[in-house]
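Letter by letter, the chains look like this.
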Amino acid sequence: MSYPIADRMRTMQPSPIREILKMAADPKVISFAAGNPAPEAFPTEAIAQITADILRENPVAALQYSVTEGYQPLRTTLKEVIKANYGIESPGHELVILSGAQQGMDFTCKVLCNEGDVIITEEPTFVGALNTFRSYQLNIIGVPLEEDGISLEKLEAALAANKGKVRFIYLIPTFQNPSGLTMSLAKRQGCYELAKKYGVMILEDNPYGELRFTGDELPPIKTFDRDNLVLYVGTFSKILAPGIRVGYVYGPPEVIAKMVVAKQCNDTHTGNISQLLCHRFLTQYDFPAHLEYLRGVYRKKCGIMLGELDRLVQNKITYTRPQGGLFIWCELPAGVDMPGFVATLLEHNLAVVPGSAFMVDGYASVQTFRMNYSTPTDEQLYQGVAILADVINRVLQ
């Protein structure tokens, strides 16, 4: 039978990262390709105890249908947490609990965009966001990243060239995926002022902000939002566990109300037991101490990877030096066959993600690749960078 696949899905392809991870499933392969939290980061004993307590004390609330907006105590606590941690305070704005932050990207497109509308994103950017935008058949404009974040000059040029057509700007200002870069304070303020000037919303994605292990904290763009322009998305995936699928979006009530309707058409509400778990973890456990533990784990892992890169391939390739998050972005010299390089690494049992996966044009010719230091063991970090260095030395001969 010939199945009538919808036009919006006909050209969609599986995530290249997921495809690479399938190949990396071989236990001999060291994977620098994932974006998963470190296995030792999960507070499994606390999760087991909290879950048992919930099911003993309030099983019906955990297992029954609930309101779409989310568990009210969790919503209230999250507003308090992001105010305390980031200074985000937007009177009158609403917060809805999501089934993961990715749902926030989907609902933003569903609520704000029609087919053919324009959205602007950093380039490179998160492949999951790109695939979401593509699924709504949007015209995506990528604006290059500089060392301190998106190019404001090119961002304004894109806004001016598409005046009245741009629905939102998608940004990951802190420990950006895939680059690991952090946007400067001046550029955060500049992005907001440009959004205000051109009457465009910002979708600010902050999955890694709590994972700063060096350097000074910077305020989210949402802290500047006096004109109801910023949708702020957060998640428990990197600070508690991705498998519980709990995120949230915080923004102007008119937009959030439509997102609630979109969620009612999608999954009705986020799983109650996961929401209750998150609330108890925030309020009954030492959450700040847990974050400090996570930062220590990633400080060590990032230090190992950077130290080995400095020792073995410094001056042969370039790479970012993140102050937090999970990723390092690498660039090979011009002329190296990137697809061939990635394939050779796989032949030597090391998986990385080619930079083309994170470009608006997924087939773009680039010399970059992303490495993750959170998922491998310390031993694998040493072994993997040694493999990388060996292959680099071969291709650069």
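### A closer look at the environment of Q176
Move 1: Positionally, Q176 belongs in the loop between β6 (166-171) and α9 (185-198).
Move 2: Separated by 57 residues in the primary sequence, Q176 and V233 have C-alpha atoms spaced 14 Å apart.
Move 3: Setting aside residues no more than four positions away along its own chain, Q176 makes contact with E122, P124, T125, L145 and L181.
Move 4: Within polar-contact distance, the side chain of Q176 engages the side chain of E122 at 3.3 Å.
Move 5: In this structure the side chain of Q176 is engaged in a polar contact, spanning 2.8 Å, whose partner is the side chain of S179.

### Concerning unusual backbone geometry
Move 1: Here the bond from E123 into P124 is cis, since omega is 10°, no more than 30 degrees from zero.
Move 2: As for its placement among the helices and strands, P124 is situated in the loop between β3 (118-123) and α7 (127-135).
Move 3: A cis geometry characterises the amide bond from N177 onward to P178, with omega recorded as 20°.
Move 4: Considering the arrangement of structural elements, one finds P178 in the loop between β6 and α9.
Move 5: One non-glycine residue, F175, lies in the positive phi region at around 55°.
Move 6: Mapped onto the fold, F175 is located in the loop between β6 and α9.

### Here we look at the sheet that holds strand β11 (residues 327-331)
Move 1: Reading across the sheet, the four strands line up as β10-β11-β14-β13 and stay open at both edges, with antiparallel pairing between neighbours. With one partner strand each, in any of the chains shown, β10 (318-319) and β13 (353-354) form the two edges of the open sheet.
Move 2: One ladder, built from two bridges, connects β10 with β11; its direction is antiparallel. Among the inter-strand pairings, Y319 is bridged to a residue of β11, identified as C330.

### Describing the sheet that holds strand β4 (residues 139-146)
Move 1: Reading across the sheet, the eight strands line up as β2-β9-β8-β7-β6-β3-β4-β5 and stay open at both edges, with mixed pairing between neighbours. Single-partner strands in this sheet number two, and they are β2 (94-98) and β5 (149-150).
Move 2: Its contacts with the sheet put helix α8 (residues 152-161) on β3, β4, β5 and β6, and the angle it makes with β4 is roughly 165°.
Move 3: Against the sheet, helix α10 (residues 253-264) makes contact with β2, β7 (201-205), β8 (230-235) and β9 (247-251), and its axis sits at roughly 25° relative to β2, the strand it touches most.

Thresholds, definitions, all that
Residues numbered from 1 in each chain as written. Predicted model: local features only at pLDDT ≥ 70, side-chain atom pairs only at ≥ 80, totals over all residues. Heavy atoms only, no water. Helix = DSSP H or I, 4+ residues; strand = E, 2+ residues; numbered from the N terminus. Contact = heavy atoms within 4.5 Å. Polar contact = N/O pair within 3.5 Å; in protein donor to acceptor, adjacent residues only side chain to side chain. Pairing = 2+ DSSP bridges. Axes fitted to C-alpha atoms, helices over the stretch in contact; angles between N-to-C directions.

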